Amino acid sequence: MILSGAEPFFLPGGKRGVLLIHGFTGLPAELLLLGRYLNERGYTVLAVRLAGHATRVEDMSHMTSEDWMDSVRDGYALLSGLCQDISVVGHSMGGLLAMRLAAEKPLERLVTLAAPAIIHPGWGVEKLPPREKCAGQYVPKARRKLKNVPEAVNKTYRKMSLLSVHELLEVMKKARECMEKIETPILIVHSHGDHTADPRSVDYIFEHVKSAEKEVFWLERAGHLLPLEPERDLVFARTAAFLDEEG
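Computed from a prediction, not measured in an experiment: that's the story for all the values here.

(A) Molecular detail of the packing of helix H1 (residues 32–40) against helix H7 (residues 232–244). It is at 10 Å that the axes of H1 and H7 come closest, and there the two elements cross at 45°. On the basis of the axis angle, H1 is oblique to H7. The two elements H1 and H7 cross, and the hand of that crossing is right-handed. Of the residues in H7, those touching H1 at Leu33, Leu34, Tyr37 and Leu38 are Arg232, Phe236, Ala237, Ala240 and Leu243. Tallied by class, the residues present in the contact of H1 with H7 amount to 8 nonpolar, no polar and 1 charged.

The structure is reproduced here in structure tokens:
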């Protein structure tokens with residue numbers, strides 16, 4: 001059963017569509033404020049729920065990187081039946097999935113928010129046990145206490161499956177492998193204070209995608225949760241301005 005308030009959401013608007021993709025262990029509600037902002041500017045917005053998210057952490061432990069990518073592909077298929085063109089905005093792991101979609105499908109524009117092409121050293125990924133030793137293994141996650149956000153945002157899982165971390169690393173690997181196929185105009189949004197997605201990710205993405213139009217937008221006070229933190233208004237405005245550009 002999906003957690004209350006954590007369902008996918010659809011905001012009907014004009015013929016220009018935006019697909020929103022949340023991050024690892026996250027939920028669509030994290031992008032609701034951004035979705036409303038874009039919808040008020042005339043966009044039709046669909047936010048997908050990645051398989052195994054916003055239900056039980058045990059559900060997520062059975063999902064693979066391809067299950068998550070299939071959730072994105074399904075969202076694209078639904079939105080393409082309603083809109084003349086589609087842009088994609090992905091937060092964190094959602095940004096990596098958005099890049100994979102850009103390598104597969106025709107997109108108008110692509111925005112990554114804190115996409116982890118490189119994981120911050122503070123995560124200690126090098127200590128992750130081999131996959132064969134991770135079945136049924138979890139590590140605790142701190143409870144969120146964010147204010148002035150949709151209620152469901154603070155309902156994220158209280159623990160994290162180590163098998164799912166292996167799948168996150170697989171998402172990163174596949175995203176890096178496909179970057180040279182990406183020609184979609186791209187905006188890379190990141191914070192210098194991100195302790196999840198290493199800020200070096202920005203240079204990696206910028207150097208490897210083949211887009212003729214590529215821009216970087218840096219934030220100074222935010223952490224990793226760009227659509228929810230104090231500088232989110234800057235994120236929303238810059239994202240909308242980039243999506244509004246033509247050519």
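(B) Inspection of H7 at higher detail. Between its terminal C-alpha atoms H7 stretches 18 Å, which fits the 18 Å expected from 13 residues at 1.5 Å a residue. Listing the buried residues of H7 in full gives Arg232, Val235, Phe236, Arg238, Thr239, Ala240, Phe242 and Leu243.

(C) Examining the environment of Phe206 more closely. As for its position among the elements, Phe206 is in helix H6 (residues 200–208). Overall, Phe206 belongs to the partly exposed group, its relative accessible area being 31%. Sequence separation of Phe206 and Ile186 is 20 residues, and the distance between their C-alpha atoms is 8.9 Å. Ignoring anything within four residues of it in the chain, the contact list for Phe206 reads Ile188, Lys214, Glu215 and Val216.

(D) Representation of the sheet that holds strand E2 (residues 16–21) within the structure. If you trace the 7 strands from one edge of the open sheet to the other, you get E1-E3-E2-E4-E5-E8-E9, paired in mixed fashion. The two strands at the open ends of the sheet, each matched to only one other strand, are strand E1 (9–11) and strand E9 (214–219). Here the average twist between neighbouring strands, direction ignored, is 15°. Strands E2, strand E3 (44–48) and strand E4 (85–91) of the sheet are contacted by helix H3 (residues 65–80), whose axis makes an angle of about 165° with E2.

(E) Fine view of the nonpolar core. Among the nonpolar cores identified, the biggest contains 48 residues, and Leu19, Ile21, Trp68, Leu97 and Ile205 are the most heavily contacted of them. With 8 residues, the top contributor of residues to this core is helix H5 (residues 162–178). Residue contacts for Trp68: discarding those within four places in its chain leaves Phe24, Leu50, Ala51, His53, Met60, Met63, Met93, Leu97, Ser164, Glu167, Leu168 and Val171.

(F) Region of the structure containing the packing of aromatic side chains. Within the structure shown, the criterion is met by 2 aromatic pairs. Arranged with centres 5.6 Å apart and planes meeting at 50°, the rings of Tyr37 and Phe236 form a pair that is tilted. Linking Tyr37 in helix H1 with Phe236 in helix H7, this pair joins segments that are 199 residues apart in sequence. Against the face of Tyr37 rests Arg41, its NZ or CZ located 3.4 Å from the ring centre. Positioned above the aromatic ring of Phe206 is the side chain of Lys214, whose terminal nitrogen or guanidinium carbon lies 4.8 Å from the ring centre.

What counts, and at which threshold
- Residues numbered from 1 in each chain as written.
- Predicted model: local features only at pLDDT ≥ 70, side-chain atom pairs only at ≥ 80, totals over all residues.
- Heavy atoms only, no water.
- Axes fitted to C-alpha atoms, helices over the stretch in contact; angles between N-to-C directions.
- Helix = DSSP H or I, 4+ residues; strand = E, 2+ residues; numbered from the N terminus.
- Parallel < 35°, antiparallel > 145°, perpendicular 65-115°, else oblique.
- Left-handed = near helix turned anticlockwise from the far one by under 90°.
- Contact = heavy atoms within 4.5 Å.
- Nonpolar A, V, L, I, M, F, W, Y, C, P; charged D, E, K, R; others polar.
- Expected span 1.5 Å × (residues − 1).
- Buried < 20%, exposed > 50% of the residue type's maximum accessible area, 1.4 Å probe, protein only.
- Pairing = 2+ DSSP bridges.
- Core = buried A, V, L, I, M, F, W, Y, C linked by side-chain atoms within 4.5 Å.
- Phe/Tyr/Trp six-rings, centres within 6.5 Å; stacked < 30°, edge-to-face > 60°.
- Lys NZ or Arg CZ within 6 Å of the ring centre and 35° of its normal.

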